Protein chains: 4
Amino acid sequence: MPSSDESATGAAVIVGVGSGPGRALALRFAGAGHAVALAARAPDKLAPLVAEIEAAGGSARSYQADATEEQAVEDLFARAEADLGPPELVVYNAGGRNNKSILDVEAAEFEMIWRSSCLGGMIVGREAAKGMVARGQGTILFTGGRSSRRALAGWAAFAAGKFGLRAVAQAMAHELSPKGVHVAHMIIEGGIDNERTRELGNDKVGPDGLLATEALAEVYYQTYLQHRSCWAFEVDLRPWSEPFTT
Amino acid sequence: MPSSDESATGAAVIVGVGSGPGRALALRFAGAGHAVALAARAPDKLAPLVAEIEAAGGSARSYQADATEEQAVEDLFARAEADLGPPELVVYNAGGRNNKSILDVEAAEFEMIWRSSCLGGMIVGREAAKGMVARGQGTILFTGGRSSRRALAGWAAFAAGKFGLRAVAQAMAHELSPKGVHVAHMIIEGGIDNERTRELGNDKVGPDGLLATEALAEVYYQTYLQHRSCWAFEVDLRPWSEPFTT
Amino acid sequence: MPSSDESATGAAVIVGVGSGPGRALALRFAGAGHAVALAARAPDKLAPLVAEIEAAGGSARSYQADATEEQAVEDLFARAEADLGPPELVVYNAGGRNNKSILDVEAAEFEMIWRSSCLGGMIVGREAAKGMVARGQGTILFTGGRSSRRALAGWAAFAAGKFGLRAVAQAMAHELSPKGVHVAHMIIEGGIDNERTRELGNDKVGPDGLLATEALAEVYYQTYLQHRSCWAFEVDLRPWSEPFTT
Amino acid sequence: MPSSDESATGAAVIVGVGSGPGRALALRFAGAGHAVALAARAPDKLAPLVAEIEAAGGSARSYQADATEEQAVEDLFARAEADLGPPELVVYNAGGRNNKSILDVEAAEFEMIWRSSCLGGMIVGREAAKGMVARGQGTILFTGGRSSRRALAGWAAFAAGKFGLRAVAQAMAHELSPKGVHVAHMIIEGGIDNERTRELGNDKVGPDGLLATEALAEVYYQTYLQHRSCWAFEVDLRPWSEPFTT
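The rules behind these values
Residues numbered from 1 in each chain as written. Chains lettered and ligands numbered in written order. Predicted model: local features only at pLDDT ≥ 70, side-chain atom pairs only at ≥ 80, totals over all residues. Heavy atoms only, no water. Least-squares fit on C-alpha atoms with pLDDT ≥ 70 in both. Contact = heavy atoms within 4.5 Å. 1 Å grid on protein atoms, 1.4 Å probe; cavity = no way out; pocket = protein on both sides within 12 Å on 5 of 7 lines; lining within 4 Å. Points joined across faces, edges and corners; volume = space filled by probe spheres on them. Helix = DSSP H or I, 4+ residues; strand = E, 2+ residues; numbered from the N terminus. Buried < 20%, exposed > 50% of the residue type's maximum accessible area, 1.4 Å probe, protein only. Pairing = 2+ DSSP bridges. pLDDT = per-residue confidence, 0-100. Polar contact = N/O pair within 3.5 Å; in protein donor to acceptor, adjacent residues only side chain to side chain.

Here we take up the relation of the copies chain C and chain B. One copy of the chain maps onto the second through a rotation about an axis and a displacement along it. When chain C is fitted onto chain B, the two copies agree to an RMSD of 0.0 Å after a turn of 180 degrees and an axial shift of 0.0 Å. On this basis, the relationship between the two copies can be described by a two-fold rotation axis. Of the residues that chain C buries at the interface, 100% are likewise interface residues in chain B, meaning the two copies contact each other through the same surface.

Written out as structure tokens, the structure reads:
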């Protein structure tokens with residue numbers, strides 16, 4: 001439950017900044033006055049983003065953390081809180097995917113995708129929740145995708161991870177809402193407009209046919225700003241020209 | 001698709017202002033600069049709201065219309081457009097309910113609830129869509145409820161209407177999104193904090209245990225403001241202390 | 001809850017025998033020993049089916065009834081019970097559909113489709129339930145379709161009816177199961193192999209690409225036979241070669 | 001796709017016979033004439049069941065296999081096929097659960113529950129599918145539960161596994177149905193009537209308030225018997241007196 005004048009209080013923690021909306025989220029949260037902790041397995045890549053935020057007058061810091069390692073995540077939250085104050089807003093953004101016949105899915109890759117898509121979300125959500133429950137406030141946002149609610153042919157591994165993450169988010173929302181912690185699951189059903197998708201040629205889908213990361217970040221932040229009498233649990237988002245899969 | 005600086009263009013039409021979030025929606029939209037058309041079966045009750053909006057420097061006008069009558073809705077849109085300009089944002093808010101054993105549900109009441117909950121939404125949505133498709137832009141928001149996705153014992157009539165309204169919203173979103181029209185379905189899973197629920201004693205549910213109408217109106221308006229690369233279809237909302245029914 | 005040796009007790013009532021699985025259901029139920037009441041708006045067409053059942057040693061009778069008229073359905077159940085004994089198994093099969101742009105859907109056809117798809121189901125279900133609750137046993141089966149859970153572009157009217165019927169079935173199951181009445185919702189997601197679909201050229205979909213009505217009737221009857229400790233509420237059915245829409 | 005006279009062809013493989021409906025499934029399948037392979041981590045416990053089946057004139061064999069180990073499952077299918085012929089019907093029944101605050105869930109137990117509930121299902125399903133796709137026929141049944149579609153407070157670990165298993169089943173059904181392989185997901189929403197639940201005192205829920213395992217096995221077998229023009233994907237089952245959670 002943010003203050004009504006939108007003056008930010010508390011730190012924001014973003015896990016999974018490599019691709020997806022992570023970069024735009026960091027800029028949006030920092031722009032609103034939150035000190036931002038950026039966590040990634042390879043934090044060197046985050047230096048330009050930290051510099052960009054600081055140049056704009058914001059506060060940011062990068063951390064090395066493998067979200068699927070319990071100890072690493074506990075350390076991340078301890079360090080971020082010591083550096084930036086109690087996390088008020090935590091986003092879990094990480095994940096992995098493949099697309100192949102079920103006949104060719106190997107247990108090792110199935111597990112690896114689940115670790116980043118689901119297990120990491122549980123660990124990050126739990127560590128975020130510990131402090132938030134103690135303080136009676138805070139917001140945890142999970143990033144879902146096209147495979148969060150429907151498992152098409154070829155997507156067993158990705159869908160098992162994303163269905164699982166949705167289960168974690170639901171169970172957390174059921175338990176933590178009455179304790180003052182807002183848990184929401186953002187379902188992104190389309191391609192995200194970033195360097196990677198452009199390199200892949202996905203920019204050919206027409207004007208505004210990929211989700212603009214600034215627009216996505218705005219929806220996340222507005223969800224954070226929701227008054228506690230009116231909390232969203234699930235928001236599904238797609239470009240206007242994207243066929244619905246639900 | 002609003003302009004990026006949030007300066008409002010186009011009129012807003014709100015059907016069903018009697019209870020629920022209608023009043024707060026009108027104030028929010030008018031405050032953002034939209035001329036607001038308010039439609040109800042008994043528009044006399046709307047005079048104080050029109051006066052309040054005008055006193056605050058906004059523009060509003062009330063219309064008599066039964067949303068379940070095709071001709072009445074066509075007339076409403078013709079008059080509202082002539083008076084206030086093309087509708088850019090339309091909200092369907094009306095509905096009815098009862099709660100009784102299926103053994104006691106009469107066809108007449110089952111139908112009456114469906115007419116206000118579902119048929120009216122189809123007619124209003126269709127009439128809104130006609131102009132929006134021609135202009136290639138616009139937003140239509142439908143208000144759902146606890147019975148939109150789950151039909152508990154005693155709620156057959158209400159749920160048949162609300163499931164049906166959700167079907168209308170889905171079919172419209174599938175068809176109209178690629179034509180530039182944003183259709184969204186807002187699911188309100190809790191009691192709304194207004195005079196009626198307070199009279200019913202529903203204010204006993206604890207602090208912020210009823211949905212504040214201003215907070216609801218903010219979520220509706222933020223949904224309207226979403227960039228077309230990032231449109232929500234469904235947003236479920238409830239107070240922090242409300243048990244989940246999904 | 002049938003007797004364990006599958007020797008049928010009680011009458012079966014099938015509403016909507018015109019197309020769909022109605023004919024096969026009648027043959028299956030009569031073959032198991034149930035006296036079968038067949039209801040349709042134009043019962044003359046049912047004479048050959050009644051004759052076929054009787055020639056095979058079964059018992060059947062046709063009734064004129066518009067399922068959307070409350071009085072007609074009450075009369076149907078009164079007459080059927082007087083003629084054949086208390087209904088033990090009731091199937092609601094009727095419905096209507098169209099496929100057109102939401103911009104072209106007229107209120108009158110939207111309502112007409114809803115009346116046959118949803119309102120009739122509520123009335124038939126309710127009248128069936130009255131006797132079953134009193135007797136503490138019985139089974140009511142509703143036939144859903146591809147538009148019961150997902151409303152694609154062009155299907156607003158059909159989906160509003162089928163979503164609504166699903167709501168009725170859910171509310172009835174929640175209320176009536178603890179009273180000993182089994183309510184189930186059978187979702188048929190594919191074309192049915194009958195004269196009409198063959199005339200439409202739908203027989204071109206490949207071997208077993210349309211739902212064989214005998215196979216469908218078997219699934220319905222097995223659902224009826226389920227022990228009360230193990231009742232299905234929803235069963236979704238499609239041909240092996242049919243793409244999933246959920 | 002079974003032969004129409006129900007004379008069984010092909011072996012059945014049941015993974016997870018410890019609790020749940022495994023024992024009754026084995027008896028039902030063997031009674032229909034299938035040679036049955038029973039797999040468990042501790043196969044010694046299966047000896048009485050094998051003896052019981054053989055005493056009744058059936059054919060059964062037990063195998064030691066950890067379903068979460070890829071090599072063990074590959075070996076299981078190789079041995080079972082060598083011993084009993086090609087598997088025609090495979091059931092995945094295993095799983096684990098806990099119930100505790102998200103704040104107390106440890107990564108190790110979260111992962112362990114997922115391994116038995118979801119990963120094992122993927123591996124068993126994949127190995128079953130390899131031969132079935134080659135033969136163009138076969139049936140794979142997965143056992144879901146109350147946490148397959150809804151994650152209540154305290155059930156994050158179980159639900160992450162069961163949501164994930166449902167994703168695997170869906171992706172497999174989408175891919176394998178057109179190849180002649182029937183994949184279905186049976187959702188058991190209630191307590192199962194077996195020694196363990198009776199010891200736990202769950203037999204106090206009233207007559208037929210726990211799912212009778214013979215009744216469950218019948219539903220599984222009838223699903224196997226479905227004609228390929230009429231395949232169920234999902235069947236949700238509960239006792240008549242059990243409150244619905246969906």
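Let us look at empty space enclosed by the protein. A full pass over the atoms with the stated rule returns six cavities of 30 Å³ or more. Its boundaries defined by the atoms lining it, the largest cavity holds a volume of some 1,300 Å³. Along its surface, the largest cavity is lined by 48 residues, and R149(A), R166(A), R166(B), R166(C) and R166(D) are the ones closest to its centre. Looking at the lining of the largest cavity, the elements that each hand over two or more residues are helix 5 (156–176) and strand 9 (231–238) of chain A, helix 5 (156–176) and strand 9 (231–238) of chain B, helix 5 (156–176) and strand 9 (231–238) of chain C together with helix 5 (156–176) and strand 9 (231–238) of chain D. Taken as a whole, the second largest cavity encloses approximately 60 Å³ of empty space. As for the second largest cavity, its lining consists of R149(C), I187(C), E234(C), V235(C), D236(C), R149(D), I187(D), E234(D), V235(D) and D236(D). Of all the secondary-structure elements, those providing two or more residues to the lining of the second largest cavity are strand 9 of chain C together with strand 9 of chain D.

All names here are of chain A. Counted residue by residue, strand 2 (residues 36–40) has five buried out of five residues, so it is predominantly covered. Every second residue of strand 2 is oriented toward a common face, with V36, L38 and A40 on one face and A37 and A39 on the other, all of them buried. Relative to strand 2, strand 1 (residues 11–15) runs parallel, the two being bridged by four bridges. Paired with A12 across the bridge in strand 2 is V36. Where strand 2 and strand 3 (residues 60–64) come together, five bridges link them in parallel fashion.

So, about the confidence of the model for chain A. Residues and elements named next belong to chain A. Overall, the predicted model of chain A reaches an average pLDDT of 93, with 95% of residues at or above 70. This stretch, residues 1–6, has a pLDDT under 50; its non-local contacts, to residues over four places away or in other chains, come to 10 contacts. Interface confidence for the predicted complex, expressed as ipTM, amounts to 0.95; the pTM equals 0.96.

Locating R228(C) in the fold gives a position in the loop between helix 7 (213–225) and strand 9. For R228(C), the side chain forms a polar contact with the side chain of D208(D), separated by 2.6 Å.

All names here are of chain B. Inspection of the secondary structure puts G121 in helix 4 (residues 107–135). A relative accessible area of 0% places G121 in the buried class. Once the C-alpha coordinates of G121 and V105 are considered, the two residues, 16 residues apart in sequence, prove to be 22 Å apart. Contacts of G121, omitting those with residues within four sequence positions, involve Y92, F142 and L165.

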